Amino acid sequence: LLYHFERLQYDNIAKDDSLNKLRMSEIYGGEHLLRLLVKLPEMFDQVDLSKTADTLLQKVINELQKFLMKNKEKYFGGSYSKCEDEYLSIYDSNKI
């Protein structure tokens, strides 16, 4: 779920003893959860689900989306900052 240039950031976090103890949800918040929710239908299409299982999964995802909307200030309250050009140039030079 990480964008290509975020993988370098993840690798750096994994190496940093002060950061690697954090849960990934503490670093990559609700926005990354939304990326997963967007990808789930594509992933489910590749699995042979029964009609019952498919309906149940859709219901659970819809409930999760409603929950996130009701609690958006809590889960999406952080400030998002654009990657700086310097970081992107490091990514470009490493071509992860």
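For the structure itself, look to the data block above.
Being a predicted model, the structure only gives us computed values, none of them experimental. (Residues numbered from 1 in each chain as written. Predicted model: local features only at pLDDT ≥ 70, side-chain atom pairs only at ≥ 80, totals over all residues. Heavy atoms only, no water.)

### Some thoughts on the pattern of salt bridges
Here is step 1: For the coordinates displayed, the defined rule picks out two salt bridges.
Here is step 2: Here arginine 23 ties to glutamate 26 by a salt bridge, and the two come within 4.0 Å at their closest N and O atoms.
Here is step 3: The exposure class assigned to arginine 23 is exposed, which follows from its relative accessible area of 59%.
Here is step 4: For glutamate 26, a relative accessible area of 48% translates into the label partly exposed.
Here is step 5: Residue glutamate 63 is joined to lysine 66 by a salt bridge in which the shortest nitrogen-to-oxygen separation is 3.6 Å. Linking glutamate 63 with lysine 66, this pair stays in helix H4 (residues 51–70), spanning three residues, or about one helical turn. (Salt bridge = Lys/Arg side-chain N within 4 Å of Asp/Glu carboxyl O. Buried < 20%, exposed > 50% of the residue type's maximum accessible area, 1.4 Å probe, protein only. Helix = DSSP H or I, 4+ residues; strand = E, 2+ residues; numbered from the N terminus.)

### Side note on the packing of aromatic side chains
Here is step 1: Summed over the entire model, instances satisfying the criterion amount to one aromatic pair.
Here is step 2: Seen in terms of ring centroids, phenylalanine 67 and tyrosine 75 are 5.7 Å apart; in terms of plane orientation they differ by 50 degrees. Their pairing is tilted.
Here is step 3: Judged by relative accessible area, phenylalanine 67 falls into the partly exposed class, the value being 38%.
Here is step 4: Residue tyrosine 75 is classed as partly exposed on the basis of its relative accessible area, which comes to 33%. (Phe/Tyr/Trp six-rings, centres within 6.5 Å; stacked < 30°, edge-to-face > 60°.)

### Observations regarding the side chain of histidine 32
Here is step 1: Looking at the secondary structure, you find histidine 32 in helix H3 (residues 30–45).
Here is step 2: Filtering out sequence-adjacent residues up to four positions away, histidine 32 remains in contact with Leu1, Leu2 and Glu6. (Contact = heavy atoms within 4.5 Å.)

### Considering the packing of H3 against H4
Here is step 1: As a packed pair, H3 and H4 sit with axes 12 Å apart at the nearest point and diverge in direction by 165 degrees. Between H3 and H4, the angle falls in the class roughly antiparallel. The element H3 and its partner H4 pack so that their crossing is left-handed. For the pair H3 and H4, the contacting residues are Leu33, Leu34, Leu37, Leu40 and Phe44 in the first and Leu57, Ile61, Leu64, Gln65 and Leu68 in the second.
Here is step 2: Here the contact of H3 with H4 is built from residues that sort into nine nonpolar, one polar and no charged. (Axes fitted to C-alpha atoms, helices over the stretch in contact; angles between N-to-C directions. Parallel < 35°, antiparallel > 145°, perpendicular 65-115°, else oblique. Left-handed = near helix turned anticlockwise from the far one by under 90°. Nonpolar A, V, L, I, M, F, W, Y, C, P; charged D, E, K, R; others polar.)

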